[in-house]
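Residue strings, one per chain:
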Amino acid sequence: MAVVGSGPAGLYTAEALVKQTAQGADGSAAGVLVDVLDRLPTPYGLVRYGVAPDHPSIRSIADYLRRVLEHPQVRFLGGLRLGREVTREMLLACYDAVVYATGAPRDRSLGVSGEDLPGSAAAADFVRWYCGHPDADPAMFTLDARAVAVIGAGNVALDVSRMLARPAAGLDATDVPEPVLAALAASRVEEVHLVCRRGPAQARFTTKELRELGELPDVDITVPGLPPGALDPPAEEGAPLDRRVRGNLAVLAEWAGRSPQGAARRVSVRFWRRPAEILGTDRVTAVRLEQTAQDASGRVSGTGRFELLPVQLVLRSVGYRSVPLPGLPFDERRAVVPNADGRVLGADGRPLPGEYVVGWLKRGPTGVIGTNRPDAVQTVRALLADRAPGTPAHRADPAAPPLADQLAARGVRPVTYDDWLGIDAGEHAMAAALGRGDRVKLSGWDALDTASGHPHAGPGPGR
Ligand code: NAP
């Protein structure tokens, strides 16, 4: 079996394949071998390059996923891009089933003017930058802005707001790359405005993450401009109010009652505002916000009342988007691969034999990392049911050479798990040398090439 993508969705899939076949669910394929492919030379996807560095307990999910990768029936093959070094056709010829787990790598845009100005960026890029993703130039963010607007009311918006507001001193024990730590230490940011287009009860924050923002040292937090009663729990109609919403309202009510203490940095959470325009000539100087209101059907619309927020950096954090994979069907509207319980559906609505999806590519960019585990189990159940005795299943082409031989014939050497361990060891060694915690990320393709001992761990010329 092949799994494309070594993030949590891909690795939970590999785990489910090994476990469910060991339990004999497949009836025939006990001891299934799973190749996990990734375009990067490093495994763990968003656990490594999406989870904020000051969230070590979520990062430690990598320890669990490492055990999956080290299972004798699982093999890591890095540095392979679908449609470049490997094709869908090669995978279908070499494997009895292919599970796509490539996530949602693109950010969504706001669709307002000024969005392309220098100083306006995707929160996704900011996240990649502070996580040391090799695609992110370490010089990408200099943080010379005094005021920043973060647009969106989800957990990514909370992560980037917290990373902007927190003192850099607390980050030297984390794995942020050295140039990023230096930029955060030199940051001139004093004000972070978190701009939410709906109200406190509609925000998508989870309470634990919201609460953290108010616990940062030397940061004053305010919730300005709320109409009276906006933080009262809404009248319950039918179903009881979500625990998460109730928790968020309690946290926000506590913040609303705080008085500013003259802290070095200020965070303001601005509900019922949406960006109408990002202003500036050479770079961002302000964002024009329109106040919003919700009608009886729950639709948000502008009220025609505007205000100007002087900021020098705008980070849009309005969700992620999957991208089509070469040759695979794609629902452009929902930005997912059409599927039924993980079975990829063709244009006629029928399953394409041997092809499956998991994670954000299957269900859209929602849920926490743990959500991917039951999601993977569901897809693997469908995959194994399709292979039950008596059912016609896709089979690898017995005449096709193994993938490794096909790649070798094309001059491609995948990054192996041992190569990755070279990077892993290099990161531990860097932390020890700097006296900085357990790991410091190596940033940039060249550093990854050198540490892995692989001549070309990242994508080819032009990268
Ligand atoms: P999200 O939870 O879907 O939040 C996106 C936010 O963007 C929503 O508040 C949405 O508002 C707003 N939005 C969308 N379009 C907008 C527009 N045009 N203008 C203004 N606002 C707009 O997405 P996310 O924050 O990217 O997180 C993705 C997933 O990862 C979530 O499930 C999240 O919980 C998870 N995550 C978890 C953690 C953690 O557990 N620590 C950390 C990071 C991410 P509406 O609701 O009005 O559409």
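Everything below is about the structure printed above this text.
Here's what I pulled together on the structure shown here. Within each chain, residues carry numbers counting from 1 in the order of the written sequence. Residue-level local features of this predicted model are given only where pLDDT is at least 70; pairs of side-chain atoms are given and counted only at 80 or more, and the full residue set underlies all totals for whole chains, interfaces and linings. The side-chain quantities take in all heavy atoms of the structure and omit both hydrogens and water.

**Quick look at the layout of surface pockets**
Picture a little ball the size of a water molecule; that probe, rolled over the atoms, points out where space is still empty. For clarity, the threshold we go by: Residues are called lining when one of their atoms sits within 4 Å of a cavity or pocket point, these points coming from a 1 Å grid over the protein atoms alone, where a cavity is a set in which a 1.4 Å probe fits but cannot get out and a pocket is an open set with protein on both sides within 12 Å along at least five of seven lines. Grid points are joined across faces, edges and corners, and a volume is the space filled by probe spheres set on the points. Going along the chain from the N terminus, every DSSP run of H or I of four or more residues is numbered as a helix, and every run of E of two or more is numbered as a strand. Charged residues are taken to be Asp, Glu, Lys and Arg, nonpolar residues to be Ala, Val, Leu, Ile, Met, Phe, Trp, Tyr, Cys and Pro, and polar residues to be all remaining types, Gly included. Domain delimitation in this document rests on an assignment produced automatically or drawn from a domain database.
In this structure, the second largest pocket encloses a volume near 490 Å³. Lining the second largest pocket are 20 residues, with Arg59, Asp63, Asp175, Asp438 and Arg439 sitting closest to its centre. Secondary structure elements with two or more residues in the lining of the second largest pocket: helix H2 (45-49), helix H3 (56-59), helix H4 (61-69) and helix H14 (417-434). In terms of residue count, the dominant contributor to the lining of the second largest pocket is H14 (4 residues). Per-class residue counts for the lining of the second largest pocket are 8 nonpolar, 3 polar and 9 charged. Counting residues domain by domain, the lining of the second largest pocket receives three or more from each of domain 1 (2-105 + 322-414) and domain 2 (108-319).

**Considerations on the packing of aromatic side chains**
For clarity, the threshold we go by: The pairing test for Phe, Tyr and Trp rings, Trp by its six-membered ring, is centres within 6.5 Å, and the orientation test on the planes gives stacked under 30 degrees, edge-to-face over 60, and tilted for anything in between. Here the term buried applies to any residue with accessible area under 20% of the maximum for its type, exposed to any over 50%, and partly exposed to those in between, with areas from a 1.4 Å probe on protein chains only.
Inspection of the entire model under this criterion finds 7 aromatic pairs. A centroid spacing of 6.3 Å and a plane angle of 45° characterise the contact between tyrosine 12 and tyrosine 64, whose relative ring orientation is tilted. With a gap of 52 residues between them, tyrosine 12 in helix H1 (residues 8-22) and tyrosine 64 in helix H4 connect regions that are remote in the sequence. Overall, the relative accessible area of 26% leaves tyrosine 64 in the partly exposed class. A centroid spacing of 5.4 Å and a plane angle of 90° characterise the contact between phenylalanine 126 and tyrosine 130, whose relative ring orientation is edge-to-face.

**Digging into the sheet that holds strand E6 (residues 120-122)**
Defined as follows: Pairing between strands is defined by DSSP: at least two bridges between the two strands are required. To define axes, lines are fitted to C-alpha atoms, for helices over the stretch in contact only, and angles between the resulting N-to-C directions are given on a 0 to 180 degree scale. In this analysis, two residues are considered to be in contact whenever any of their non-hydrogen atoms come within 4.5 Å of each other.
What the 6 strands build is an open sheet, ordered E6-E14-E7-E8-E10-E9; its pairing is parallel. Sheet topology places E6 and strand E9 (219-222) at the edges, where each strand pairs with a single neighbour. Sheet twist, expressed as the mean angle between neighbouring strand axes with direction ignored, is 20°. When E9 meets strand E10 (residues 265-270), the two strands line up parallel, connected through 4 bridges. Note on E10: the bridge partner recorded for valine 219 is arginine 265. Relative to the sheet, helix H6 (residues 123-130) contacts E6 and strand E14 (313-316), its axis offset from that of E6 by approximately 70°.

**So, the site of the ligand**
For clarity, the cut-off: When at least one non-hydrogen atom of a residue lies within 4 Å of a molecule or strand, that residue is treated as near it. Under the rule applied, a polar contact is a pair of N or O atoms within 3.5 Å (in protein, one hydrogen donor and one hydrogen acceptor; residues adjacent in sequence only if both atoms are side-chain atoms).
Near the ligand, the surroundings consist of 22 residues, among which Ala153, Arg197, Arg198, Arg204 and Gly367 are the closest. Within the contact set of the ligand, an oxygen atom lies 3.1 Å away from a side-chain nitrogen or oxygen of asparagine 155. Here an oxygen atom of the ligand sits 2.7 Å away from a polar atom, N or O, in the side chain of arginine 197. Ranked by residues supplied to the shell around the ligand, first place goes to helix H7 (residues 155-165) with 3 residues. Here the residues of the shell around the ligand are counted per class, giving 10 nonpolar, 7 polar and 5 charged. Summarising the domain contributions, the shell around the ligand has at least three residues from each of domain 1 (2-105 + 322-414) and domain 2 (108-319).

**Some details on the nonpolar core**
Note the following rule: Residues enter a nonpolar core if they are buried and are Ala, Val, Leu, Ile, Met, Phe, Trp, Tyr or Cys, with the set joined through side-chain atoms within 4.5 Å.
One finds Phe126, Trp129 and Tyr130 to be the most contacted residues of the largest nonpolar core, which totals 96 residues. Sorting elements by how many residues they give to this core places H1 first, with 7 residues. Looking at this core, you find at least three residues from each of domain 1 (2-105 + 322-414) and domain 2 (108-319). Among the nonpolar cores identified, the runner-up in size contains 25 residues, and Val4, Tyr100, Leu328 and Leu361 belong to it.

**Describing the environment of histidine 133**
Note on placement: histidine 133 falls in the loop between H6 and strand E7 (147-151). For histidine 133, a relative accessible area of 7% gives the class buried. Between the alpha carbons of histidine 133 and alanine 168 there is a distance of 19 Å; along the sequence they are 35 residues apart. Dropping the residues within four chain positions of it, histidine 133 is found in contact with Arg39, Leu40, Tyr49 and Arg128.

**Topic: the pattern of salt bridges**
Should the charged atoms of two oppositely charged side chains come close, the side chains can pair. The following threshold applies: Salt bridge, as used here: a side-chain nitrogen of Lys or Arg that lies within 4 Å of a carboxyl oxygen of Asp or Glu.
If you walk through the whole model with that rule in mind, you get 35 salt bridges. Lysine 19 is paired through a salt bridge with glutamate 15; the nearest N and O atoms lie 3.5 Å apart. Residue lysine 19 and its partner glutamate 15 are both found in helix H1; the two are separated by 4 residues, about one turn of the helix. Note that aspartate 424 and arginine 439 form a salt bridge whose closest N and O atoms lie 2.6 Å from each other. Taken together, the positions of aspartate 424 in helix H14 and arginine 439 in the loop between H14 and helix H15 (445-452) put the pair 15 residues apart, joining distant regions of the chain. Of the two residues, aspartate 424 and arginine 439, both sit in the buried class. In the salt-bridge network here, residues are joined through shared partners; they are Asp54, Asp159, Arg162, Arg166 and Glu212.

Remember that the coordinates give geometry; whether it matters functionally is a separate question.
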